[in-house]
Amino acid sequence: MRSISGPDDEFTAREQLKHQMYLVICQIVEEVCPGHSVFRLRKPVWDKCHSLRMNGYKQSAFDRSLFTKHQGEEVVIILIYVDDLLITGSCSSLINDAKTILHSKFKVKDLGTLRYFLGIEVSRSKKGILLNLRKYALELISETGLSGARHFATPIGLNQKLTTVEYDTCIGKKGDSELEDKSAYQRLIGRLLYLTITRPDISFPVQTLSQFMQKPKQSHMEAALRVVRYIKGAPGMGLLMEAGSIDQLSAYCDSDGHLASTQGGL
């Protein structure tokens, strides 16, 4: 088997494989399903990618799951995530052509107008399109046991300073012990990181808290739970893509003049 050095090489190598692919299962699965030594894979994701490329769609160099096709000034865009596909564009005929191609190669179901994708709720109104993770946020609040807790107006406390275990040891600080079960903290931060997709207002505190994933302390967990209680104040908050054309680009900066892009200010 030759080595694969990049995305193009990887796609070429996959093209050389037969459509009938088999996967040897691990010992754990063997214990659950005794007597089954292999699984056959049906129509993998790269097969969809190959079909789109063969029909004139261009695969993005930055996101290999994104495909575009231009016809004059019109464009159709397809985003693939495992078995889920998003199709949009500026021309209904191109969108219908894309559906026809997919229907001819695969067993797909048209779910109509986009309403829910990867936990993201899509709502439409005259003002534009709103993207939010309301259901995801409510589940997070419930799982952390904060459904009955009051919410905070800010995601992080005023002048709050978070330190590492090594720093506390160096200066002799006590009273802020390391968490015995760091996996709970890691899971919480992971879920908060996903929530920043539609909540840039929590980007700064969540990114700060993610720096303590290896050795989280009690103060770190309390700060993370404060972010959840802040979200509780408006779980349906999200990103509004306003209807109409955009003629100006607005940017924001903090009080010392630095661009606030790292804090979700753009």
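Going by the structure above, here's the rest.
Report follows, based on the coordinates.

What counts as what
Residues numbered from 1 in each chain as written. Predicted model: local features only at pLDDT ≥ 70, side-chain atom pairs only at ≥ 80, totals over all residues. Heavy atoms only, no water. Phe/Tyr/Trp six-rings, centres within 6.5 Å; stacked < 30°, edge-to-face > 60°. Helix = DSSP H or I, 4+ residues; strand = E, 2+ residues; numbered from the N terminus. Buried < 20%, exposed > 50% of the residue type's maximum accessible area, 1.4 Å probe, protein only. Lys NZ or Arg CZ within 6 Å of the ring centre and 35° of its normal. Pairing = 2+ DSSP bridges. Contact = heavy atoms within 4.5 Å. Axes fitted to C-alpha atoms, helices over the stretch in contact; angles between N-to-C directions. Salt bridge = Lys/Arg side-chain N within 4 Å of Asp/Glu carboxyl O.

Let's shift gears to the packing of aromatic side chains. Across all of its chains, the model carries one aromatic pair by this definition. Geometrically, the ring pair formed by Tyr136 and Tyr194 is tilted, given 5.3 Å between the ring centres and 55° between the ring planes. Of this pair, Tyr136 sits in helix H5 (residues 134–143) while Tyr194 sits in helix H7 (residues 182–195), placing them 58 residues apart in sequence. The exposure class assigned to Tyr136 is buried, which follows from its relative accessible area of 15%. The exposure class assigned to Tyr194 is partly exposed, which follows from its relative accessible area of 27%. The ring of Tyr136 carries Arg191 above its face, with NZ or CZ at 4.6 Å from the centroid. Here the basic side chain of Arg226 rests over the ring of Phe152, its NZ or CZ set 4.2 Å away from the ring centre.

Quick look at the sheet that holds strand E6 (residues 84–89) now. Strand order in the open sheet formed by four strands is E3-E4-E5-E6, with antiparallel pairing between adjacent strands. Unpaired on one side and paired on the other, strand E3 (58–59) and E6 mark the two borders of the sheet. Relative to E6, strand E5 (residues 74–81) is paired through six bridges, and the arrangement is antiparallel. Paired with Tyr81 across the bridge in E6 is Asp84. Most of the contacts of helix H4 (residues 92–105) go to E6, to which it runs at about 155°, and overall it touches strand E4 (66–71), E5 and E6.

Moving on to the side chain of Thr196. Note that Thr196 resides in the loop between H7 and helix H8 (203–209). Residues in contact with Thr196, not counting those within four places in the same chain, are Ile202, Ser203 and Val206.

Turning our attention to the side chain of Thr198. On the secondary structure map, Thr198 appears in the loop between H7 and H8. Thr198 has contacts with Ile120, Leu131, Asn132, Leu133, Met237, Gly238 and Leu239, leaving out every residue within four places of it along the chain.

Our next topic: the pattern of salt bridges. If charged atoms from side chains of opposite charge come close, those side chains can pair. The tally for this structure, following the rule as stated, stands at six salt bridges. One salt bridge in this structure joins Lys217 and Asp168, with 2.3 Å as the shortest N-O distance. With Lys217 in the loop between H8 and helix H9 (218–232) and Asp168 in helix H6 (residues 165–171), the pair connects residues that are 49 residues apart, well separated along the chain. Per residue, the accessibility class of Lys217 equals that of Asp168, and both read buried. Linking Lys217 and Asp176 is a salt bridge whose minimum nitrogen-to-oxygen distance equals 3.1 Å. Of this pair, Lys217 sits in the loop between H8 and H9 while Asp176 sits in the loop between H6 and H7; the two residues are 41 residues apart in sequence, bridging distant segments of the chain. Ionic contacts of the salt-bridge type, sharing partners, join the residues Asp168, Asp176 and Lys217 into one network.

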